[in-house]
Amino acid sequence: MREFQEMMKNLYLKRDLERGVSGTFNWLVAEVAELGEELKGSNREATEKEFADVIAWLTSLANIRGIDLEKAALNKYNYKCPKCQSSPCACTF
Ligand SMILES: [Zn+2]
């Protein structure tokens, strides 16, 4: 995750900063919607590309705000469920 975020920083940080939080967030939302549409079908290759787009825009947003995604994710989901503190999660649905 850290390596991917660093790569995205090198590729897009300048453009991401120019677009800003709001514009980048709108792209992320649009890509999440596209992923949702793709998940209704069965085209694995197209679905993989939509997952990639969602991760890319989420990462761009984190880069604009200076959020280390790997650190943030592992701080919250540190090999156990943050709610029940178990692994695997034992929360009731
Ligand atoms: Zn749980």
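Keep in mind it's a predicted model, so treat the numbers as computed, not measured.

Visitor: Is there a simple way to explain the nonpolar core in this structure?
Guide: Nonpolar side chains tend to gather and get buried jointly when the protein is soluble and globular. Among the nonpolar cores identified, the biggest contains five residues, and these are Leu-28, Leu-35, Val-54, Trp-57 and Leu-61. Mapped onto this core, the elements with two or more residues apiece are α1 (2-38) and α2 (44-65). Setting aside anything within four residues of it in sequence, one finds Leu-28 in contact with Val-54, Trp-57, Leu-58 and Leu-61.

Visitor: Explanation requested: a nonpolar patch on the surface in the structure shown.
Guide: A surface patch of nonpolar side chains, about 440 Å² in accessible area, is lined by Phe-4, Met-7, Leu-11, Tyr-12 and Ile-55. Inspection of the secondary structure assignment puts Ile-55 in helix α2. Taking the relative accessible area as the measure of exposure, Ile-55 reaches 42% and is therefore partly exposed.

Visitor: Explain the side chain of Thr-59 to me, please; I cannot follow it from the model alone.
Guide: Structurally, the position occupied by Thr-59 is in helix α2. Look at Thr-59 and you get buried, because its relative accessible area is 2%. Beyond its immediate chain neighbours, meaning those up to four positions away, Thr-59 contacts Phe-4, Gln-5, Met-8 and Leu-69.

Visitor: Even after reading the chapter, I still don't get α1, so can you show me in this structure?
Guide: Because each turn of an α-helix spans 3.6 residues, side chains separated by three or four positions in sequence point in the same direction. In this model, α1 (37 residues) spans only 27 Å end to end at C-alpha, well below the 54 Å of a helix rising 1.5 Å per residue. If you check which residues of α1 are buried, you get Gln-5, Met-8, Asp-16, Gly-20, Thr-24, Leu-28, Glu-31 and Leu-35.

Visitor: What am I meant to see in the coordination of the zinc ion here?
Guide: Each pair of donors in an ideal four-coordinate tetrahedral metal site encloses 109.5 degrees, whereas pairs in an ideal six-coordinate octahedral site enclose 90 or 180 degrees. Within the first shell, the zinc ion binds the protein through Cys-81 (SG), Cys-84 (SG), Cys-89 (SG) and Cys-91 (SG), at distances of 2.3 to 2.5 Å. Here the zinc ion binds four donor atoms, and the angle range of 102 to 118° at the metal identifies the geometry as tetrahedral. Mapping the donors of the zinc ion onto the primary sequence yields the spacing C-x2-C-x4-C-x1-C. Cys-81 gets classed as buried once you look at its relative accessible area, which sits at 13%.

Visitor: Help me understand the pattern of salt bridges, please; the structure alone is not making it clear to me.
Guide: Side chains that differ in sign of charge can pair as their charged atoms come close. The full count for this structure, using the stated rule, is eight salt bridges. The residue Glu-70 makes a salt bridge to Arg-2 at a minimum N-O spacing of 3.7 Å. Here Arg-2 lies in helix α1 and Glu-70 lies in helix α3 (residues 69-76), a separation of 68 residues in the sequence. A salt bridge links Asp-16 to Arg-19, with the nearest nitrogen and oxygen atoms 2.9 Å apart. Within this pair, Asp-16 and its partner Arg-19 are both found in helix α1, separated by three residues, close to a single helical turn.

Visitor: Explain unusual backbone geometry here, please?
Guide: Peptide bonds are mostly trans, and most non-glycine residues show a negative phi. Put simply, Ser-87 and Pro-88 share a cis peptide bond, and its omega is 0°. Along the polypeptide, Pro-88 turns up in the segment after α3. At Gln-85, a residue that is not glycine, the phi angle is positive and equals roughly 65°. By the secondary structure assignment, Gln-85 is in the segment after α3. Gln-85 sits in the partly exposed class, given a relative accessible area of 46%.

What counts and what doesn't
Residues numbered from 1 in each chain as written. Predicted model: local features only at pLDDT ≥ 70, side-chain atom pairs only at ≥ 80, totals over all residues. Heavy atoms only, no water. Core = buried A, V, L, I, M, F, W, Y, C linked by side-chain atoms within 4.5 Å. Buried < 20%, exposed > 50% of the residue type's maximum accessible area, 1.4 Å probe, protein only. Helix = DSSP H or I, 4+ residues; strand = E, 2+ residues; numbered from the N terminus. Contact = heavy atoms within 4.5 Å. Patch = residues over 30% accessible without salt bridge, like charges linked within 9 Å, V, L, I, M, F, W, Y side chains within 5 Å. Areas by Shrake-Rupley, 256 points an atom, 1.4 Å probe, with all protein chains shown as cover. Salt bridge = Lys/Arg side-chain N within 4 Å of Asp/Glu carboxyl O. Expected span 1.5 Å × (residues − 1). Donors = N, O, S within 2.8 Å, 3.2 Å for Na, K, Ca; no water. Tetrahedral: all angles 85-135°; square planar, octahedral: opposite > 155°, others 65-115°.

That is the geometry; function is a separate question.
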